[in-house]
Amino acid sequence: MATFNRDSSDEVSRGARAVVVRAETQGAERRDSDARLEEAKGLALAIGIDVCAAQAFRVRDRKPATLFGSGQVESIAALVEAEEAELVIVDNGLSPAQQSNLEKATSAKVIDRTGLILEIFGERAATNEGRLQVELAHLDYQAGRLVRSWTHLERQRGGFGFLGGPGETQIEADRRMIRDRMAKIRRELDQVTRTRGLHRARRQRAPWPVIALVGYTNAGKSTLFNRLTGADVMAQDLLFATLDPTMRQIALPGLDKAILSDTVGFVSDLPTQLIAAFRATLEEVLSADMIVHVRDIAHPDTEAQRDDVIDVLRELGVAGDGDEADSASPAIIEAWNKLDLLDPGAAALTHEVAARRDDVVILSALTGEGIDALQRTIGARLTAGAIVHALHVSLADGAAVAWLHEHGEVLSSRSEAGEMIVEVRLSDSAMARFLKRRAD
């Protein structure tokens, strides 16, 4: 199997000195400029890059050759020289030509937002599935950058005389190898998807409701997951601390058992390659019975972050606010996290706003405040359509009684004429499964 090794000059080194720059178009930004730069710095910190300066540039029109204007490019080059930086992180998407031209102008390595996020994902993916997804996304991203990213290309020459250019034949060979490798990875991920589908089908037969935690990266999903499950999932003040999905069993009011799933955090301008590559993982969100959207309510850009998450959910096929209701889409509630970071005045206002909505719970996953309210809200939503049934069960059928306790809310039970009459609240699907179980 052919392998692809990038030039060492194309690698992002831990500890590298870097400047972060961003092109902002007047009237087209919905994010606070300082908050967006801080997020870019956080992304760099996530893989150990030393950010020594960060600056946003207002651009009237994005230049096809360099993204920035000529004077701005000179300012970036001067900043790189003054800070003795070896890396320029552009918090925008760059075309291969723009990336190459900026490297020539600044005499430093340049990576864009997509490349930076791919570096983080490549370093953090722990499971075989995660590594496959990252490799697929990276190959897709690099396919258009062969001329600058592969070491051996300049040592090859295609054609004769003046025909062709350096590396032309080898580039085509590499493109074929990339296509072959991508096809192989997609086949392996298809198998993962089928396996995940079998696991999902077994869970649906079980049947325990599945609750998926989603949210902007660093919103506190993993801290909340650990609080609810007693697990020890990596939870740090770090962007993309969690990549691979984790599932644990929890108990909720009215439900003896449910499955809680922690998913990868979203981010603004999430690379399309990653959305496509991680679709198999994110499909767990589509199959969930409920989505808990965890928000960092103390963040200055909390509303913009919420919109970014809703955009990704829509791309996955989950209806967002203002969309026409879809019975196949899971219900969504919002968990307004990091209450402990709000001052008393802001906390009071937040409680006042949340009180006017029935789909919001305010909490602090760190301190535990509001966790009980969240559990009650989830339990009530999941059992809202349940109906109380009076079921007659043989006294000898202890397994049936245990099943009812596990999959519903048993309100009372009494013995009468050699059988047990159990009053239990069950959803329609659970009742159908109980009747099928009895028929079998």
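Right above here is the structure, for reference.
If you're wondering where the values come from, they're calculated on a predicted model, not measured in any experiment.

Enquirer: Tell me about the packing of aromatic side chains, and please be specific about residues and values.
Expert: Within the structure shown, the criterion is met by two aromatic pairs. Between Phe57 and Phe68 the ring centres are 5.7 Å apart and the planes differ by 80°, which places this aromatic pair in the edge-to-face class. Taken together, the residues Phe57 in strand 2 (residues 50–59) and Phe68 in the loop between strand 2 and helix 2 (70–83) connect sequence positions eleven residues apart. Taken as a pair, Phe57 and Phe68 share a single burial class, namely buried. Ring geometry for Trp403 and Phe434: centres 5.8 Å apart, planes at 40°, overall tilted. Taken as a pair, Trp403 in helix 14 (residues 398–407) and Phe434 in helix 15 (residues 428–439) lie far apart in primary sequence, 31 residues in all. Overall, the relative accessible area of 1% leaves Phe434 in the buried class.

Enquirer: Give me the environment of Asp91: which residues, what numbers.
Expert: You can see Asp91 is positioned in the loop between strand 3 (87–90) and helix 3 (96–106). Residues in contact with Asp91, not counting those within four places in the same chain, are Val21, Arg22, Arg36, Ala40 and Arg113. Separated by 2.9 Å, the side chains of Asp91 and Arg36 make a polar contact. Within the structure, Asp91 has its side chain in polar contact with the side chain of Arg113 (distance 2.5 Å).

Enquirer: For the sheet that holds strand 1 (residues 17–25), give the residues involved together with the corresponding values.
Expert: If you trace the four strands from one edge of the open sheet to the other, you get 2-1-3-4, paired in parallel fashion. Strand pairing shows two members of the sheet lacking a second neighbour, strand 2 and strand 4 (109–112), which therefore form its edges. This sheet shows a mean twist of 20° between the axes of neighbouring strands, independent of strand direction. Note that strand 1 and strand 2 share nine bridges and pair parallel. Across the sheet, the residue bridging to Val21 is Gln55, located in strand 2. Sheet strands in contact with helix 1 (residues 33–45) are strand 1, strand 2 and strand 3, and its direction is about 145° off that of strand 2. Lying on the sheet, helix 4 (residues 113–124) is in contact with strand 3 and strand 4; it crosses strand 4 at an angle near 85°.

Enquirer: Before we move on, could you go through the side chain of Asn92 and cite the residues and values that matter?
Expert: By the secondary structure assignment, Asn92 is in the loop between strand 3 and helix 3. Using a relative accessible area of 6% as the deciding quantity, one classes Asn92 as buried.

Enquirer: Summarise the sheet that holds strand 10 (residues 360–362); cite the residues concerned and give the values.
Expert: Pairing is mixed across the open sheet formed by six strands, whose spatial order is 6-7-5-8-9-10. Each edge of the open sheet carries a strand with a single partner, namely strand 6 (246–252) and strand 10. Going from strand to strand, the sheet's axes swing by 25° on average, the running direction of each strand aside. Bridge analysis of strand 5 (residues 210–215) against strand 8 (residues 290–296) gives five bridges, and the strand direction is parallel. Directly across from Leu213, in strand 8, lies its bridge partner Val292. Against the sheet, helix 12 (residues 344–355) engages strand 9 (331–337) and strand 10, with an angle of about 155° to strand 10.

Enquirer: Kindly report on the packing of helix 8 (residues 221–229) against helix 13 (residues 371–382), identifying the contributing residues and their values.
Expert: Remark: helix 8 packs on helix 13, axes separated minimally by 11 Å, with the N-to-C direction vectors making an angle of 80°. It follows from the interaxial angle that helix 8 and helix 13 lie roughly perpendicular. Here Leu224, Arg227 and Leu228 of helix 8 come into contact with helix 13, specifically with Ile371, Leu374 and Gln375. Its residues assigned to classes, the contact of helix 8 with helix 13 comprises four nonpolar, one polar and one charged.

Enquirer: Pulling in residues and values, what's your account of the pattern of salt bridges?
Expert: Here the idea is simple: oppositely charged side chains can pair when their charged atoms come close. The full count for this structure, using the stated rule, is 22 salt bridges. One salt bridge in this structure joins Glu24 and Arg58, with 4.0 Å as the shortest N-O distance. Of the two residues, Glu24 sits in strand 1 while Arg58 sits in strand 2, which places them 34 residues apart along the sequence. Of the residues examined, Glu24 reaches a relative accessible area of 4% and is grouped as buried. The salt bridge partner of Lys184 is Glu188, with a shortest N-O separation of 2.5 Å.

Enquirer: For the nonpolar core, give the residues involved together with the corresponding values.
Expert: Formed by 37 residues in total, the largest nonpolar core has its most connected members in Ile49, Ile89, Leu116, Val214, Val285 and Leu313. Put simply, the parts of the chain that give this core at least two residues each are strand 1, helix 1, strand 3, helix 4, strand 5 and helix 11 (302–316). Residue contributions to this core peak at five residues, all from helix 11. In terms of domain composition, this core takes at least three residues from each of domain 1 (17–123) and domain 3 (207–383). Setting aside its immediate chain neighbours within four residues, Val285 contacts Ala212, Val214, Thr263, Ile291, Leu313, Val318 and Pro330. Formed by 23 residues, the second largest nonpolar core is a distinct cluster that contains Phe225, Leu252, Leu255 and Val361.

Rules of the game
Residues numbered from 1 in each chain as written. Predicted model: local features only at pLDDT ≥ 70, side-chain atom pairs only at ≥ 80, totals over all residues. Heavy atoms only, no water. Phe/Tyr/Trp six-rings, centres within 6.5 Å; stacked < 30°, edge-to-face > 60°. Helix = DSSP H or I, 4+ residues; strand = E, 2+ residues; numbered from the N terminus. Buried < 20%, exposed > 50% of the residue type's maximum accessible area, 1.4 Å probe, protein only. Contact = heavy atoms within 4.5 Å. Polar contact = N/O pair within 3.5 Å; in protein donor to acceptor, adjacent residues only side chain to side chain. Pairing = 2+ DSSP bridges. Axes fitted to C-alpha atoms, helices over the stretch in contact; angles between N-to-C directions. Parallel < 35°, antiparallel > 145°, perpendicular 65-115°, else oblique. Nonpolar A, V, L, I, M, F, W, Y, C, P; charged D, E, K, R; others polar. Salt bridge = Lys/Arg side-chain N within 4 Å of Asp/Glu carboxyl O. Core = buried A, V, L, I, M, F, W, Y, C linked by side-chain atoms within 4.5 Å. Domains from an automatic or database assignment.

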